[in-house]
Amino acid sequence: MCLSESERPITSSPNTSEIDLPADSAPPADPVATPAVGMVPQRRFRWLPWAAVVAAGGVLSAMSAPGQTAGLSVFTDPLIRELGVSRTEVSTSYLIGTLVGACVLPLTGRALDRWGVRRMTMVIGVAFAVFLVALSLVSEIVGLTAGFVGVRMAGQGALSLAATTVVARTITNRRGLALGVASGIGSGGISLVPVFVESLIATSNIHTAWRVEAIAVAVVVIPVAFFLPRHQTPGSRTPQSGADVGQQLWTLREAASTGMFWVIAAGLAASGMLSTALAFHQVAVLGEQGLTATEAAANFLPQTVTGIAATLITGALSDRIAPKYGVTIAMVTLTGALVLLPTVQPGWTAIVYGLVLGAAGGSLRGIEAAAYVRYYGTANIGVIRGVATGVNLASTAFGPLLLALGHNVAGNYTSPVLFFAVLPATVAVVSVFARPPQHPSLAH
């Protein structure tokens, strides 16, 4: 059985990979250890390791962009033209790739727990770069589907999971804030990549664009992974290195048997499915409300702004409130965005819609990782979040298809969107009444 790490901040662990943010007050200086004249006291820079790990997590998250929906969407039309396939065939290929990639994530999470984030991130970086190179060589739909499996598994799945796991396992103080900042950096980077890739495709072709992305992933991810903290097996941890005496040990089976696990996972699934569906069909959805294609595409800007802001805010709040209320906030906000859609018109209502929709996705990103760590500890957080992330990734595969089918049945987008609003509203209500998980050993 794996042992668990503590969520309690550590105050002295010079030989571990866990990093504590210094308290506001420091113990009196030892007169014998007073630094020489001209030397800067070391405690002034104790925040640097904390910031370095957060920055590394943010960079790794941003580098998952080539496997994210936003990073792949710019290839859709060029692929249709070059491969001579239909939009439905590309969408089906993407769906299959996403679902198969999602099925591998629990195994990836278990590997992160067993071999450590540092070693696994190097492997993920190499694999991600290889899959991107392979995508640049595709000439038919079967190869495209295989490529989608690889980049969705390695990019949006494995690399994103590794990025948040390294922060969750290494940072022990103000963990929620750290996860929020890392996710915010990642979201900002991901939102900028499509602009760069689109211009690259316009000046060259999709094959060159994917090869450039492969080089970028290899050049950035592998060196960053090399400098991550070394893995320390849970069994070797002591109370001083982050494992509290008496802390309960959560396995995946035990965590998955609690209602809270599935409440958070349901929030991830609802957000992933609906946010991806609206983003995938955004031009058509907002075009139905009277916006031009340019105005509809520009709506991603307010979504990005509030998405990053909400990620930072909810991440910081997760250190002070029960994480389940972060899920409630995210689901209420998502419900509000969906209900707003019928009122959207060119102008300020469209901007408000974008702001609310962005805040919904950002608030859940800021709370999700912190919630699982708070409730189930960090010893098996890789496999626990691997399952939850797999649920989230799988939901993104179905969102665009379900909204398209809803449009075919209703003849418009507003009716299915209002129908789907029931999903986050239900999760919001259930999350309020969900009880914190109790370890099975305490049940009797």
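Right, let's walk through the structure included here. Being a predicted model, the structure only gives us computed values, none of them experimental.

Calculation rules
- Residues numbered from 1 in each chain as written.
- Predicted model: local features only at pLDDT ≥ 70, side-chain atom pairs only at ≥ 80, totals over all residues.
- Heavy atoms only, no water.
- Helix = DSSP H or I, 4+ residues; strand = E, 2+ residues; numbered from the N terminus.
- Contact = heavy atoms within 4.5 Å.
- Axes fitted to C-alpha atoms, helices over the stretch in contact; angles between N-to-C directions.
- Parallel < 35°, antiparallel > 145°, perpendicular 65-115°, else oblique.
- Left-handed = near helix turned anticlockwise from the far one by under 90°.
- Core = buried A, V, L, I, M, F, W, Y, C linked by side-chain atoms within 4.5 Å.
- Buried < 20%, exposed > 50% of the residue type's maximum accessible area, 1.4 Å probe, protein only.
- Salt bridge = Lys/Arg side-chain N within 4 Å of Asp/Glu carboxyl O.
- Phe/Tyr/Trp six-rings, centres within 6.5 Å; stacked < 30°, edge-to-face > 60°.
- Lys NZ or Arg CZ within 6 Å of the ring centre and 35° of its normal.
- Expected span 1.5 Å × (residues − 1).
- Lys, Arg positive; Asp, Glu negative; His and termini not counted.
- Polar contact = N/O pair within 3.5 Å; in protein donor to acceptor, adjacent residues only side chain to side chain.
- Nonpolar A, V, L, I, M, F, W, Y, C, P; charged D, E, K, R; others polar.
- Bend = angle between axes of the 7 residues up to and from the residue.

Some remarks on the overall build of the chain
And step 1. Counting secondary structure elements, the chain contains 18 helices and 0 strands.
And step 2. Within the chain, contacts between residues at least 6 apart in sequence are counted, and of these 86% link residues at least 24 apart.

A word on the packing of helix α10 (residues 259–280) against helix α14 (residues 323–340)
And step 1. Across the interface, α10 lies against α14 with an axial gap of 10 Å and an inter-helix angle of 25°. Judged by the inter-axis angle, α10 sits roughly parallel to α14. Pair α10 / α14 crosses with left-handed handedness. Counted together, Met260, Val263, Ile264, Gly267, Ala270, Ser271, Leu274, Ser275 and Leu278 of α10 and Lys324, Val327, Met331, Leu334 and Leu338 of α14 form the full contact between these two elements.

A look at the nonpolar core
In a soluble, globular protein the nonpolar side chains are often hidden away together inside.
And step 1. The biggest cluster of nonpolar side chains holds 107 residues, and the ones touching the most others in it are Phe75, Met331, Tyr372 and Tyr376.
And step 2. With 13 residues, helix α15 (residues 348–376) is the largest single contributor of residues to this core.
And step 3. The contacts of methionine 331, once residues within four sequence positions are left out, are Gly267, Ala270, Ser271, Leu364, Pro424, Val427 and Ala428.

Quick word on the pattern of salt bridges
When their charged atoms lie close together, side chains carrying opposite charge are able to pair.
And step 1. One pass over the structure, following the stated rule, counts 2 salt bridges.
And step 2. Across the pair aspartate 113 and arginine 169 runs a salt bridge, and its minimum N-O distance is 3.5 Å. Of the two residues, aspartate 113 sits in helix α4 (residues 87–115) while arginine 169 sits in helix α6 (residues 141–170), which places them 56 residues apart along the sequence. By the burial criterion, aspartate 113 is buried, and arginine 169 matches it.
And step 3. Among the salt bridges present, the one from arginine 385 reaches glutamate 368, with a minimum N-O distance of 2.8 Å.

A closer look at the packing of aromatic side chains
And step 1. One pass over the full model with this rule turns up 10 aromatic pairs.
And step 2. When the centroid spacing of 4.2 Å and the interplanar angle of 5° are considered together, the rings of phenylalanine 75 and tryptophan 210 count as stacked. Taken together, the residues span a long stretch of sequence, with phenylalanine 75 in the loop between α2 (69–73) and α3 (76–83) and tryptophan 210 in helix α8 (residues 206–226) at a distance of 135 residues.
And step 3. Of the residues examined, phenylalanine 75 reaches a relative accessible area of 1% and is grouped as buried.
And step 4. Here the aromatic cluster, defined as three or more aromatic residues joined through ring pairs, consists of Trp250, Phe261, Trp262, Tyr372, Tyr375 and Tyr376.
And step 5. The lysine or arginine in question, arginine 118, covers the ring of phenylalanine 226, its NZ or CZ lying 5.0 Å from the ring centre.

Considering the environment of isoleucine 384
And step 1. Mapped onto the elements of the fold, isoleucine 384 is located in helix α16 (residues 381–410).
And step 2. Isoleucine 384 gets classed as buried once you look at its relative accessible area, which sits at 0%.
And step 3. Between the C-alpha atom of isoleucine 384 and that of aspartate 113, which follows or precedes it by 271 residues, the distance is 9.8 Å.

Remarks on helix α13 (residues 300–317)
And step 1. In this model, α13 (18 residues) spans 25 Å end to end at C-alpha, consistent with the 26 Å of a helix rising 1.5 Å per residue.
And step 2. Buried residues of α13: Pro302, Gln303, Thr306, Gly307, Ala310, Thr311, Thr314 and Gly315, and no others.
And step 3. At its buried positions, α13 is contacted by α7 (175–203), α11 (282–287), α12 (293–298) and α15.

What to know about the side chain of arginine 152
And step 1. Positionally, arginine 152 belongs in helix α6.
And step 2. No salt bridge forms around the buried arginine 152; measuring N to O, its nearest opposite-charge neighbour glutamate 213 is 12 Å away.
And step 3. Of note is the side chain of arginine 152, whose polar atom sits 2.2 Å from the side chain of glutamine 156.
And step 4. Residues in contact with arginine 152, not counting those within four places in the same chain, are Gly67, Gln68, Thr69, Leu72, Tyr94, Gly97, Thr98, Gly157, Leu393 and Thr396.

Overview of the side chain of threonine 108
And step 1. Within the element layout of this structure, threonine 108 appears in helix α4.
And step 2. Residue threonine 108 is classed as buried on the basis of its relative accessible area of 9%.
And step 3. For threonine 108, the residues in contact, after removing those within four places along its chain, are Ala158 and Leu161.

Topic: the packing of α10 against α16
And step 1. Taken N-terminus to C-terminus, the directions of α10 and α16 make an angle of 35°; their axes are 7 Å apart at the nearest point. The interaxial crossing formed by α10 with α16 has right-handed handedness. Residue-level inspection shows Phe261, Ala265, Leu268, Ala269, Gly272, Met273, Thr276, Ala277, Leu278 and Phe280 of α10 in contact with α16, the latter providing Ile384, Val387, Ala388, Val391, Asn392, Ser395, Thr396, Phe398, Gly399, Pro400, Leu402 and Leu403.
And step 2. For the contact of α10 with α16, the residue count by class is 16 nonpolar, 6 polar and no charged.

A closer look at α15
And step 1. Here α15 is 29 residues long and its end C-alpha atoms lie 43 Å apart, about the 42 Å a rise of 1.5 Å per residue gives.
And step 2. Along α15, the sharpest kink reaches roughly 30°, centred on isoleucine 367.
And step 3. Once α15 ends, the next one or two residues include glycine 377, with phi positive near 75°.

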